[in-house]
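Notes for the structure review
One letter stands for each residue in the lines below.
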Amino acid sequence: PQAPPADVLPAVPPPSLDELFSLASPAALGVLLKLASNVLGAPDEAKFRRVRRGNQMVAGKVLCHAKGEVWLAALGFEAAPASAGGVEAADEDIPLVTTISAAALRPVHAALTRAVDGARPSRVCVAKGWVVHGLCIELGDGSRCGAFLENDGSRMDLTDDAGLARRGGAWHEAEAGERLVAVRGRNSAMGYLCGEVHLVLSSGRTLPIVGENASVFGASFEYAVPPLDELADILFADGKCVGITLRSEALQRQAAATQSANPQGAKSPPPPPAELERPRVLHSVAQLHSWAAARATEAPRPRAPTAPTTALPKRPRALACHDCRGGDNPLADDEYL
């Protein structure tokens, strides 16, 4: 067969519904799922098949995203044709109308439901001794977040079920539809993750993980998850819970990284593992080289040839201190730090 012309690109298959909604924020998914549910619940009800572009929820939660129009189009919502001889409506007043059939909308509704459930906890694995040394949250999409530490303080692979069990991990199932709404507890003066941590769920349940030696517990911490968002990770460092990552934040960072690395639409490299996306402590040469591999595609950072002669701008900084006992490692000392 004759080869296609060089300037003709092969057809790219459209994304699946799951792929289409994979980068939608929890707030956007909530609005889209509500629109789809209303139409499916009353397919002949005209008011559920029509919404203004300027609707507060549609404009503020869906159309604010680059793919907002595409997500709405998957539900069949398109701008209604202007009436002949009518006055052109302002953009926010343009009605979006869907004529999609219930049969065509059901797989879209199912994909939206999977996307919502995929960002919520399905089960939690916890481990403790004198203090908490393991907390792994498995989300509905199968991904895991949190941290499990070996006895020497090194981080474990959260996908290693045998390793989690060896460290005393016990699994607790989440109920259908539950989401994490808050994380609270107390830090630890002896390291590991923290002294105690309580996971507050939307059902009103609380999953407590409390260490056995309260004498080493430190200051209290508490982080709330906004109602229109989901928890993406809990961050620990040196016996302290130092914060949480929201799913909306993780998606924004992912989109920004993709855009930065792919400004002209070139194929972007695969994202680094989740544990490399946040500041952390490296515990081995293997982890250092894994971090370096993930950095290989980044543009080199500019370096000053000499120390600054004028005052630096006022902003947060990290001071790295080296004990000089292990010699100089250019990868660790010059790049990582």
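Everything that follows concerns the structure shown earlier in this document.
In this report, we go over the structure that sits alongside the text. (Residues numbered from 1 in each chain as written. Predicted model: local features only at pLDDT ≥ 70, side-chain atom pairs only at ≥ 80, totals over all residues. Heavy atoms only, no water.)

It is worth spelling out the overall build of the chain at this point. Helices and strands together make up the secondary structure of the chain, namely nine helices and 13 strands. Here the chain, with 337 residues, has 35% of them falling under the buried criterion. The long-range fraction of contacts in the chain, counting pairs at least 24 apart against all pairs at least 6 apart in sequence, stands at 57%. (Helix = DSSP H or I, 4+ residues; strand = E, 2+ residues; numbered from the N terminus. Buried < 20%, exposed > 50% of the residue type's maximum accessible area, 1.4 Å probe, protein only. Contact = heavy atoms within 4.5 Å.)

Let us now look at the pattern of salt bridges. Two side chains with opposite charge may pair up if their charged atoms get near one another. Applying the stated criterion across every chain, the model contains 11 salt bridges. Where salt bridges share partners, they join R123, E138, R144 and D161 into one cluster. (Salt bridge = Lys/Arg side-chain N within 4 Å of Asp/Glu carboxyl O.)

This next bit is on the side chain of D229. Mapped onto the elements, D229 comes out in the loop between strand 11 (217-224) and strand 12 (231-237). We note that D229 is buried and unpaired, the nearest opposite charge coming from R179 at a distance of 6.8 Å. Setting aside its immediate chain neighbours within four residues, D229 contacts P26, R179, L246, R247 and S248. (Lys, Arg positive; Asp, Glu negative; His and termini not counted.)

Attention shifts here to the sheet that holds strand 9 (residues 196-201). Strand order in the open sheet formed by four strands is 10-9-8-11, and the pairing between neighbours is antiparallel. The open sheet has two edge strands with one neighbour each: strand 10 (206-210) and strand 11. The mean angle between the axes of side-by-side strands here comes to 10 degrees, regardless of whether they run parallel or antiparallel. Where strand 8 (residues 180-188) and strand 9 come together, six bridges link them in antiparallel fashion. In the strand pairing of strand 9, R186 is matched with E196. (Pairing = 2+ DSSP bridges. Axes fitted to C-alpha atoms, helices over the stretch in contact; angles between N-to-C directions.)

Below, the discussion takes up unusual backbone geometry. Most of the time, phi is negative for any residue but glycine, and the peptide bond is trans. For Y192, which is not glycine, the phi torsion reads 60 degrees and is therefore positive. Its location among the elements puts Y192 in the loop between strand 8 and strand 9. Residue Y192 is classed as partly exposed on the basis of its relative accessible area of 23%. For D238, which is not glycine, the phi dihedral falls at a positive 55 degrees. Inspection of the secondary structure assignment puts D238 in the loop between strand 12 and strand 13 (240-246). With a relative accessible area of 60%, D238 lands in the exposed category.

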